[in-house]
Amino acid sequence: MHKELAGRLGLGPIDQVAYAVTSLDRALKRYEAIFGPFEVMDTLMEGCMVRGRRVDIRLLWAINRSGPVEVELIQPVEGEYAVTEHLRTHGEGLHHVRFRLPPPLEPKLEQLRGEGFETLLYKRFEQPPVAFAYLQTPAELGGSVIELLETF
């Protein structure tokens, strides 16, 4: 991470913009007109920590590279978490932006909690070794959602 790109919190540049959608099939038609083709995946994530509770989540998601920024579409299929909450409260649209960070992710989560961020979702995978978290920003930052992705 380039220090000149990092603000006081040391997150660096945004590398992903993610949209919550109710139907990936319908959304792909709209978003492919803007960004081109997406790669589609169906994923079950067991044992996610959602607001301190263990939840299994299944989602359909699609990825596209738009220059240096990844575009992600997320359709929840099973499990209650930040994206299902967003769809229920706000409908379809921008859900979060993502920042890639070096390991370990947990000290950064602690730092951000101290700054008023709330962890909405946390998951660590053993293979490949990776972790990610969704965090809600404090009210003075609009209460929006960011994702942190630990990458080696």
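Just so we're clear, the structure is a prediction, and the values are computed from it rather than from any experiment.

Reading the values: the criteria
Residues numbered from 1 in each chain as written. Predicted model: local features only at pLDDT ≥ 70, side-chain atom pairs only at ≥ 80, totals over all residues. Heavy atoms only, no water. Helix = DSSP H or I, 4+ residues; strand = E, 2+ residues; numbered from the N terminus. Buried < 20%, exposed > 50% of the residue type's maximum accessible area, 1.4 Å probe, protein only. Arc of directions from axis to C-beta. Contact = heavy atoms within 4.5 Å. pLDDT = per-residue confidence, 0-100. Salt bridge = Lys/Arg side-chain N within 4 Å of Asp/Glu carboxyl O.

Moving on, we get to the environment of Gly116. As for its placement among the helices and strands, Gly116 is situated in the loop between helix 3 (106-114) and strand 6 (118-125). Given a relative accessible area of 43%, Gly116 falls into the partly exposed group. For the pair formed by Gly116 and Pro68, sequence separation is 48 residues and the distance between their alpha carbons is 29 Å.

Another aspect to go through is helix 1 (residues 24-35). Where helix 1 is concerned, the buried positions are Leu24, Ala27, Leu28 and Tyr31. Buried residues of helix 1, seen end-on, are gathered within an arc of 105° and therefore sit on one face of the element. The exposed residues of helix 1 that point more than 90 degrees off its buried face are Asp25, Lys29 and Ala33. Contacts made by the buried residues of helix 1 are with strand 1 (14-20), strand 2 (39-50), strand 3 (53-66) and strand 4 (69-78). One or two steps after helix 1, the chain reaches Gly36, where phi turns positive at roughly 90°.

For the rest of this paragraph, the subject is the confidence of the model for the protein. As a note on interpretation, predicted positions should not be read in detail where pLDDT is low. Mean pLDDT over the protein stands at 94; residues scoring 70 or higher make up 96%. Segment residues 1-5 is flagged for pLDDT under 50; beyond a separation of four residues in sequence, or across chains, it makes 7 contacts in the model.

Further remarks concern the pattern of salt bridges. Two side chains carrying opposite charge are able to pair once their charged atoms lie near each other. All told, the structure shown has 14 salt bridges when counted by the stated rule. A salt bridge links Arg58 to Glu78, with the shortest nitrogen-to-oxygen separation between them at 3.8 Å. Of this pair, Arg58 sits in strand 3 while Glu78 sits in strand 4; the two residues are 20 residues apart in sequence, bridging distant segments of the chain. Owing to a relative accessible area of 25%, Arg58 belongs among the partly exposed residues under this scheme. Under the relative-accessibility criterion, Glu78 is labelled partly exposed at 44%. The partner of Glu106 in a salt bridge is Arg124, with the nearest N and O atoms 2.9 Å apart. Of this pair, Glu106 sits in helix 3 while Arg124 sits in strand 6, and the two are 18 residues apart along the sequence. Classification of Arg124 as partly exposed rests on a relative accessible area of 29%.

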